[in-house]
Amino acid sequence: MSFDQLPPEIVDRIFDFLPPDRQRAFSTVLLRWHLRVAWKAVLSLSYLAVRYGGQTEELTNATRRYRNFKISSLRSQSDFDLLRDLVQISSERYTVHKFCFEFVTCDFFEQMVREFQDWFSTAVVLKIQLNDNERFPSEVLSSFKFVQELHLNNLSDSAADWSCVWDSMKALRSLTAYMCWNFSDAALECFIASVCKKCKLLKGFTIFATDCINVSPIAKSLINLEKLALVGMMVALEPSTLVFPALRELHLDLEIFQSDEIYLSLDAPKLDYLRIPKKNIPHIHFSNSTKFTRLTTYGDCMETPYPWFLETEELKTTIHEPSNQEAILTEMNLFPKMARLAVKIMSKECTTHVPSACTFQNIRSLYINNFILSMNFFVQIAEMKLLERFIIEECNFLLDVHNTGLLDLSQLHHYRVKRVSMPRTVTVFPVIASGQPPIVLVDRLRTHLWRDDFYNVFSSQWD
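Here the residue numbers are simple positions, counted from 1 along each chain's written sequence. Residue-level local features of this predicted model are given only where pLDDT is at least 70; pairs of side-chain atoms are given and counted only at 80 or more, and the full residue set underlies all totals for whole chains, interfaces and linings. Side-chain measures here rest on the full set of heavy atoms in the structure, leaving out hydrogens and waters.

K.L.:
Help me out: how do you make sense of the overall build of the protein chain in this one?
P.N.:
When helices and strands are tallied, the protein chain shows 14 helices and 29 strands. Any two residues whose heavy atoms approach within 4.5 Å are treated as being in contact. Once local pairs closer than 6 in sequence are excluded, the contacts in the protein chain between residues at least 24 apart make up 59%. For every accessible area listed, the method is Shrake-Rupley and the probe measures 1.4 Å; residues are considered covered only by the protein chains on display. Surface summary for the protein chain: the accessible area is close to 22100 Å², and the carbon and sulfur share equals 51%. Put simply, DSSP marks the helices as runs of H or I at least four residues long and the strands as runs of E at least two long, and each gets a number from the N terminus on.

Structure follows, in structure tokens:
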């Protein structure tokens with residue numbers, strides 16, 4: 001596949017890794033590159049680039065229409081002074097769509113926003129990561145009146161006034177908050193209460209915390225939520241079913257359920273996707289009207305069936321060691337309607353043999369990671385008529401020395417190999433697929449499987 005055939009999103013991502021001078025050079029090659037890539041490209045404003053790389057001149061001569069910006073390490077007056085010229089040039093030439101502040105102190109963040117308030121005020125997406133133990137800049141944040149998506153990282157100020165922030169952000173639709181370990185239970189409760197009171201139009205709400213929360217106010221107040229993620233915290237429940245009428249995506253990674261009930265009871269008739277650790281599954285109960293089709297799980301292998309497994313069509317599971325073929329087969333059999341499967345063994349070593357391909361006979365899309373493969377497995381894959389998409393990554397392929405021919409998986413519409421290792425004596429990957437990118441040798445490393453030898457690493461060429 002040529003560069004011109006790549007999806008626009010891939011081209012955007014490639015350009016994001018280029019420094020401004022290279023972005024400027026490539027953006028003049030094709031009008032398609034200039035218009036499309038400039039929409040997504042991120043311009044990083046760095047005091048180090050000013051001091052050592054002449055970014056001021058590059059920015060002055062840039063021809064791309066930047067909309068997304070990032071400032072990192074704004075911690076001192078000298079940092080601020082060096083960045084001021086870059087921000088001034090940017091404010092005269094561009095309109096902000098997305099701005100990301102990383103590792104900034106509150107004082108200099110406030111100083112920067114006040115000096116260029118008119119420019120920053122047009123931001124639709126705002127990400128702020130404060131340094132440790134910084135107070136929260138509530139007052140100056142209220143100047144971002146058009147923000148629809150807000151990310152707050154490393155929050156530690158338990159006394160912040162959240163009401164004044166939410167009062168100004170009438171357009172806010174997505175909120176993500178990462179709380180520090182010292183963010184207290186009382187402060188977290190106040191934060192959630194203010195969100196529930198002031199941000200009733202939220203469609204996405206993500207909280208990372210280590211404290212205890214009550215989910216009931218979220219269910220009662222944020223009835224427009226389409227995505228909810230609760231990560232790392234404990235949950236206190238009222239003895240009633242929590243109703244989320246618009247919820248489509250739910251992430252639950254909870255430590256302990258604080259409740260007299262043995263489960264978290266949810267009614268979400270529009271739910272389509274659930275991400276949950278396997279240890280939490282016994283504590284969740286869904287109403288009969290909740291029938292999602294996509295599930296992501298992680299933890300030890302499961303043995304117990306649950307009613308909502310019967311409707312799952314897409315499963316992504318990460319299995320922790322110790323694991324074996326029998327336990328994996330037991331888990332796979334819990335999902336009779338599964339058509340798309342991604343399974344990964346979480347281990348530093350690759351010691352688990354992949355189950356027989358017959359296990360996946362009804363699968364249309366298959367992804368496997370960190371398994372030991374054999375030629376017999378691929379022969380069985382070749383006989384699977386329903387399989388259309390097949391990806392193998394970080395696996396070890398044991399090849400019999402008597403196997404010298406190539407196997408063609410011609411029925412596949414999508415076939416990718418990502419860092420699959422084989423003995424050093426193998427220089428050509430023995431399993432191909434007509435019309436798919438060629439699989440090439442990309443590296444030579446030591447492996448735990450062949451301790452006294454090196455092994456060759458193969459990947460699809462464009463990956």
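The rest of the description comes next.
K.L.:
What's the story with the state of the cysteines in this structure? I'm lost.
P.N.:
A covalent bond between the sulfur atoms of two cysteines is what we call a disulfide. Throughout, disulfides are identified as pairs of cysteine sulfur atoms within 2.5 Å of each other. Taken as a whole, this structure holds 0 disulfides when the rule is applied. Free of any disulfide, Cys350 has its nearest neighbouring cysteine sulfur in Cys395, separated by 6.1 Å. The buried label goes to any residue with under 20% of its type's maximum accessible area, the exposed label to any with over 50%, and the partly exposed label to all in between, with areas taken from a 1.4 Å probe on protein chains only. Cys350 gets classed as buried once you look at its relative accessible area, which sits at 2%.

K.L.:
I tried to follow the pattern of salt bridges on my own but got confused; where do I start?
P.N.:
Any two side chains of opposite charge can pair, given that their charged atoms come close. Criterion for a salt bridge: a side-chain nitrogen of Lys or Arg within 4 Å of a carboxyl oxygen of Asp or Glu. Summed over the entire model, instances satisfying the criterion amount to 12 salt bridges. The partner of Asp272 in a salt bridge is Arg294, with the nearest N and O atoms 2.8 Å apart. With Asp272 in the loop between β14 (264–267) and β15 (273–277) and Arg294 in strand β17 (residues 294–299), this residue pair connects regions lying 22 residues apart in the sequence. A salt bridge links Glu314 to Arg340; the shortest N-O distance between them is 2.9 Å. Placement of the pair is Glu314 in strand β18 (residues 314–320) and Arg340 in strand β19 (residues 340–346), with a sequence separation of 26 residues.

K.L.:
Explanation requested: the environment of Glu321 in the structure shown.
P.N.:
One can find Glu321 in the loop between β18 and α13 (325–332). Residue Glu321 is classed as partly exposed on the basis of its relative accessible area, which comes to 35%. Considered as a pair, Glu321 and Ser347 are 26 residues apart in the sequence and their alpha carbons are 6.4 Å apart. Those residues in contact with Glu321 that lie beyond four places of it in its chain are Asp300, Ile345, Met346, Ser347, Thr351 and Thr352.

K.L.:
Explain the sheet that holds strand β16 (residues 284–286) to me, please; I cannot follow it from the model alone.
P.N.:
Paired through their backbone hydrogen bonds, the strands of a sheet run either parallel or antiparallel. One bridge is not enough; two strands pair if DSSP finds at least two bridges between them. Pairing in this open sheet of 3 strands is parallel, and the strands run β11-β14-β16 from one edge to the other. Lying at the two open borders of the sheet, with one neighbouring strand each, are β11 (242–243) and β16. With 3 bridges joining them, β14 and β16 adopt parallel strand pairing. Residue pairing in the sheet places Leu264 in a bridge with Ile284 of β16.

K.L.:
Explain unusual backbone geometry here, please?
P.N.:
Residues apart from glycine generally show negative phi values, whereas peptide bonds are mostly found in trans. Although it is not a glycine, Ser73 sits at a positive phi angle of roughly 60°. The topology assignment puts Ser73 in strand β2 (residues 68–74). Of note, the phi angle at Asn370 is positive, near 70°, even though the residue is not glycine. Turning to its location among the elements, Asn370 is positioned in the loop between β20 (365–369) and β21 (372–374). According to the relative accessible area criterion, Asn370 is buried, its value standing at 9%.

K.L.:
Which parts of the structure should I look at to understand the nonpolar core?
P.N.:
Inside soluble globular proteins, nonpolar side chains tend to come together where they are buried. The term nonpolar core refers to a set of buried residues drawn from Ala, Val, Leu, Ile, Met, Phe, Trp, Tyr and Cys, joined through side-chain atoms within 4.5 Å. Formed by 130 residues in total, the largest nonpolar core has its most connected members in Phe205, Ile368, Phe378, Phe390, Tyr415 and Phe429. Looking at this core element by element, the count peaks at 6 residues for helix α11 (residues 185–198). Each residue touching Phe378, except ones within four places of it in the same chain, is listed here: Leu373, Phe390, Ile392, Phe397, Leu407, Leu409, Tyr415 and Val431.

K.L.:
It is not clear to me how the packing of helix α6 (residues 77–93) against helix α7 (residues 106–115) should be interpreted in this structure. Could you clarify?
P.N.:
Relative placement of two packed helices is described by the angle separating their axes and the distance separating the axes. The contact between α6 and α7 brings their axes to 11 Å, and the two run at 25°. What the angle tells us is that α6 and α7 run roughly parallel. You can see that α6 and α7 cross each other, and the crossing is right-handed. Contact with α6, carried on its side by Gln77, Phe80, Leu83, Arg84 and Val87, involves Phe108, Gln111, Met112 and Glu115 of α7 and no other residues of that element. Tallied by class, the residues present in the contact of α6 with α7 amount to 5 nonpolar, 2 polar and 2 charged. Geometry is summarised by axes, namely lines fitted to C-alpha atoms with helices restricted to the contacting stretch, and by angles between N-to-C directions that run from 0 to 180 degrees. An angle below 35 degrees is treated as roughly parallel, one above 145 as roughly antiparallel, one from 65 to 115 as roughly perpendicular, and anything else as oblique. Each crossing gets its handedness from the near helix: less than a right angle anticlockwise from the far helix is left-handed, clockwise is right-handed. Three classes are used, and their members are as follows: Ala, Val, Leu, Ile, Met, Phe, Trp, Tyr, Cys and Pro are nonpolar, Asp, Glu, Lys and Arg are charged, and the others, Gly among them, are polar.

K.L.:
Can you walk me through a nonpolar patch on the surface in this structure?
P.N.:
Patch membership requires more than 30% relative accessible area and the absence of a salt bridge. Residues of like charge join within 9 Å; the nonpolar side chains Val, Leu, Ile, Met, Phe, Trp and Tyr join within 5 Å. A contiguous nonpolar surface patch, about 260 Å² in accessible area, is contributed by Leu406, Val428 and Ile432. The exposure class of Leu406 is exposed, given its relative accessible area of 53%.

K.L.:
Can you help me understand the side chain of Glu331 in this one?
P.N.:
Its place among the elements puts Glu331 in helix α13. Dropping the residues within four chain positions of it, Glu331 is found in contact with Lys278, Thr297, Asp300, Cys301, Met302 and Thr317.

K.L.:
Help me out: how do you make sense of the packing of aromatic side chains in this one?
P.N.:
Centre distance within 6.5 Å is the pairing criterion for rings of Phe, Tyr and Trp, where only the six-membered ring of Trp is used; planes under 30 degrees apart are then read as stacked, over 60 as edge-to-face, and the remainder as tilted. Within the structure shown, the criterion is met by 30 aromatic pairs. Judged by centre distance (5.3 Å) and plane angle (80°), the ring pair of Phe286 and Trp308 falls under edge-to-face. Separated by 22 residues along the polypeptide, Phe286 in strand β16 and Trp308 in the loop between β17 and β18 bring together distant segments of the chain. An identical accessibility class is assigned to Phe286 and Trp308; each is buried. An aromatic cluster is present here, built from Phe69, Tyr94, Phe99, Phe101, Phe109, Trp119, Phe120 and Phe144 joined pairwise through their rings.

K.L.:
Got a minute to help me understand the pairing of β2 in this structure?
P.N.:
Each regular strand carries side chains that alternate between the two faces of the sheet. In terms of strand pairing, strand β1 (residues 42–45) meets β2 through 4 bridges, oriented parallel. When the bridges of β2 are listed, Val42 appears paired with Asn68. Here a crossover is taken to be right-handed if, once the strands point away from the viewer, the path from the first strand over the helix to the second is traced clockwise. For the crossover that starts at β2, traverses α6 and ends in the parallel strand β3 (residues 98–104), the hand is right-handed.

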